[in-house]
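Overview (structure and organization)
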Amino acid sequence: MKVQIINGPNLNLLGVREPSIYGNTSIEDYVKELKAHYINIEIDYYQSNVEGELINKLHEIGFDYDGIILNAGGYTHTSVAIADAIAAIKTPVVEVHISNIYAREEYRHVSLTGKNCQGVLTGFGMNGYRLALESLLIKK
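Residues numbered from 1 in each chain as written. Predicted model: local features only at pLDDT ≥ 70, side-chain atom pairs only at ≥ 80, totals over all residues. Heavy atoms only, no water.

Spacing of three or four residues puts side chains on the same side of an α-helix, whose turn is 3.6 residues. In a regular helix each residue adds 1.5 Å, so 13 residues correspond to 18 Å; helix α5 (residues 127–139) covers 19 Å between its end C-alpha atoms and thus fits that length. Along α5, the residues classified as buried are Gly-128, Tyr-129, Ala-132, Leu-133 and Leu-136. For α5, the arc enclosing every buried residue in end-on projection is 140°, short of the 170-degree limit, so these residues lie on one face. Each element contacted by the buried residues of α5 is listed here: β1 (2–7), α2 (27–37), β2 (42–47), β3 (67–71), β4 (93–97) and β5 (119–122). (Helix = DSSP H or I, 4+ residues; strand = E, 2+ residues; numbered from the N terminus. Expected span 1.5 Å × (residues − 1). Buried < 20%, exposed > 50% of the residue type's maximum accessible area, 1.4 Å probe, protein only. Arc of directions from axis to C-beta. Contact = heavy atoms within 4.5 Å.)

Below, the structure written as C-alpha cells:
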C-alpha cells in the first residue's frame, strides 16, 4: 500500500509555529513515527506553500497511490482549484486539520475541498494523520 501525505502552506513550520494550536512536534518527526509503526505501508511526504504545486502533486499521484492524506492549510477555505483537482483524481483523499477548524475564526469553518474527500478529520492534533491512515486501511 502506498499513501502520500500532502501538506499545504505554513505546515512546514509545524513544531515551531503557534505551538499552542499546532503542538511542538515537527511533521518530519511525526512522519518518521508513522513509518516506524506502519512498516508495511509506503508513506511519502510532500509539502508546498504554492497552490499550483499542490495541484500538480495531486495530479501526479492521484491515479497510482492507494490513498492521500491532505492538509491543504489555508487553501482549504479558498481553493476551488484544489477542490477540482481532488474531484478529478481516482485515489481516495482524506482531509486532515490539526486544529478544530470549527473552534477557530469563522472563515475557517468552510472547507471547499472537503466535499470531494472521502472524509474530514479536524481537531485531533497530529494524530489526525494517523486516524486518516487508519481510515484508508479500513476502506482498502
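Still more ground to cover, so stick around.
Turning next to the nonpolar core. By size, the foremost hydrophobic cluster in this structure holds 22 residues, and its most contacted members are Leu-14, Ile-43, Ile-69 and Tyr-129. Elements represented by at least two residues in this core include exactly β1, α2, β4 and α5. Each residue touching Ile-69, except ones within four places of it in the same chain, is listed here: Val-3, Gln-4, Ile-5, Ile-6, Val-94, Val-96, Tyr-129, Ala-132, Leu-133 and Leu-136. Judged by nonpolar contacts, the second largest core, of 16 residues, contains Leu-54, Leu-58, Leu-70 and Ala-72. (Core = buried A, V, L, I, M, F, W, Y, C linked by side-chain atoms within 4.5 Å.)

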